[in-house]
Amino acid sequence: RKLNQRAAAAVALLFTVHPIQVETVAWITERKNLLALSFTLLACLSYLRFEERAAKRSYVASLFLFAMALLSKSVSVCFAVVPLLLAWWRQGKIRWKDILRTLPLFVLGLSAAFHTAYVEVHRAGAEGAEWNLGLGGKMVLAGRILLFYLQKILVPSNFMFFYPRWRLDPFQFWQWIYPAFALFILVLLYFARKRIGRGACALYVFYIASIFPALGFFNVFPMQYSYVADHFSYFSTFPLLLLIASTFFFLGDRLADRAGKFGANVWRTSSWIAFAALLVFLSTNSFALTRNYKDSFALWSNLVKVNPTSAVGHLNLGNIYLSKGDHEKAALMFRKAILLD
């Protein structure tokens, strides 16, 4: 509401019921995501209060809450760029004062980020052939991931626990379309800032910053199964939704200006009806997805149904059948897992 009062309610509702959120909310392992974002948003509110009142205690509170967010999950490091983006959005430039304010944030954030990167490689085992993509492969992957989550927000369908793992080859020209298009969006929003404002570009930059830890430049253990996961996008969902909602209001205003009073009323009424229908659609899909997290059997049996190429899905389902004494089904799942990997 402090950043965009008009779009706040719509974004909050969409954030709450969008199916891409189900994995974070329903899967107990991702409670850390919920904690981290809660602390991050509180840190952001404290920083905004500091800017409004110049109260040092609000700045200290922001640092403390940011530290709590990092202790929950290090993806919260993206908050460190928020003061810089706010300064650029409001003033059109970043002053030395703004940079100095962010230094403690970057010290805290990068310390947590590098610790997590170390743990992923040396404790979780995220190293080996699966992660040796080379610089070109990582750039192709980053572009594809950026567009993947944007597409999932705009076209909410086919959600699954492990998505098929893409075959990356930077020597195939068509695969560079993904990073090129992701960069094109950034350049377009930057050069359009005088016409549409700097907010759209700032939000897109924050989207990139919030998803950066999961773009493939750092080794993350689950990427041996899939390069993308719904819970990776939890922090990046709200800037995307805010960008989409703000764009909708911006275009709606332009259309209403040209359509006259009657046309504006028709547009406003039809928009609210469409938005209510969208909420019902998203809520229904989210409710259906929560059933996948009822127990391990529901999770893995659904995965092999929607993604039959998942070797780990067949392996884990086979282990469940084995624990139940159903050796015939267990053997079938294990054979499929071996064929796939």
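In this convention, every chain numbers its residues from 1, walking through the sequence in written order. Only residues with pLDDT of at least 70 get local features here, since the model is predicted, and only at 80 or more are side-chain atom pairs given and counted; chain-wide, interface and lining totals rely on the full set of residues. Side-chain descriptors were evaluated using all non-hydrogen atoms of the structure, hydrogens and water having been removed beforehand.

Peer 1: Tell me about the layout of surface pockets, and please be specific about residues and values.
Peer 2: The way it works is a 1 Å grid over only the protein atoms, where trapped points that fit a 1.4 Å probe form a cavity and open points with protein on both sides within 12 Å along at least five of seven lines form a pocket, and then any residue with an atom within 4 Å of a point lines it. Grid points are joined across faces, edges and corners, and a volume is the space filled by probe spheres set on the points. There is about 1,000 Å³ of room inside the second largest pocket. Along the walls of the second largest pocket sit 46 residues, with Ser-74, Val-75, Thr-116, Pro-213 and Val-220 positioned nearest its centre. Counting residues per element, the lining of the second largest pocket draws most heavily on helix H6 (residues 96–122), which supplies 9 residues. Secondary structure elements follow DSSP: runs of H or I no shorter than four residues count as helices, runs of E no shorter than two count as strands, and numbering proceeds from the N terminus.

Peer 1: How would you sum up empty space enclosed by the protein? Please name residues and give values.
Peer 2: All told, the structure shown has 2 cavities of 30 Å³ or more when counted by the stated rule. If you add up the space inside the largest cavity, you get close to 90 Å³. As for the largest cavity, its lining consists of Pro-19, Val-22, Glu-23, Phe-159, Met-160, Phe-161, Asp-230, Leu-289, Asn-292, Tyr-293, Leu-299 and Asn-302. Within the residue set of the lining of the largest cavity, elements represented by two or more residues are helix H2 (22–26) and helix H12 (296–306). Under the scheme applied, nonpolar residues are Ala, Val, Leu, Ile, Met, Phe, Trp, Tyr, Cys and Pro; charged residues are Asp, Glu, Lys and Arg; polar residues are all the others, including Gly. A breakdown of the residues in the lining of the largest cavity according to their chemical character gives 8 nonpolar, 2 polar and 2 charged. Its boundaries defined by the atoms lining it, the second largest cavity holds a volume of some 40 Å³.

Peer 1: Now, about the pattern of salt bridges: what can you tell me, with residues and values included?
Peer 2: Note on definitions: salt bridges are taken to be side-chain nitrogens of Lys or Arg within 4 Å of carboxyl oxygens of Asp or Glu. Tallying each qualifying case throughout the model produces 5 salt bridges. A salt bridge links Asp-253 to Arg-6; the nearest nitrogen and oxygen atoms lie 2.7 Å apart. Placement of Asp-253 in helix H11 (residues 234–290) and of Arg-6 in helix H1 (residues 5–17) is noted, with a sequence separation of 247 residues between them. Only protein chains enter the accessibility calculation, which uses a 1.4 Å probe. A residue is then buried if its area is under 20% of the maximum for its type, exposed if over 50%, and partly exposed in between. Classification of Arg-6 as partly exposed rests on a relative accessible area of 48%. In this structure, the salt-bridge partner of Lys-73 is Glu-30, at a minimum N-O distance of 3.0 Å. Of the two residues, Lys-73 sits in the loop between helix H4 (56–72) and helix H5 (82–91) while Glu-30 sits in the loop between H2 and helix H3 (31–53), which places them 43 residues apart along the sequence. Under the relative-accessibility criterion, Lys-73 is labelled buried at 19%. On the basis of relative accessibility, which here comes to 2%, the residue Glu-30 falls in the buried class.

Peer 1: I'd like to hear about the nonpolar core, residue by residue, with values.
Peer 2: Membership of the largest hydrophobic core comes to 87 residues, with the highest contact counts inside it found for Phe-79, Ile-145, Tyr-149 and Trp-300. No other element matches H11, which puts 11 residues into this core. In plain words, nonpolar cores are sets of buried Ala, Val, Leu, Ile, Met, Phe, Trp, Tyr and Cys residues tied together by side-chain atoms within 4.5 Å.

These figures come from the coordinates and say nothing about function on their own.
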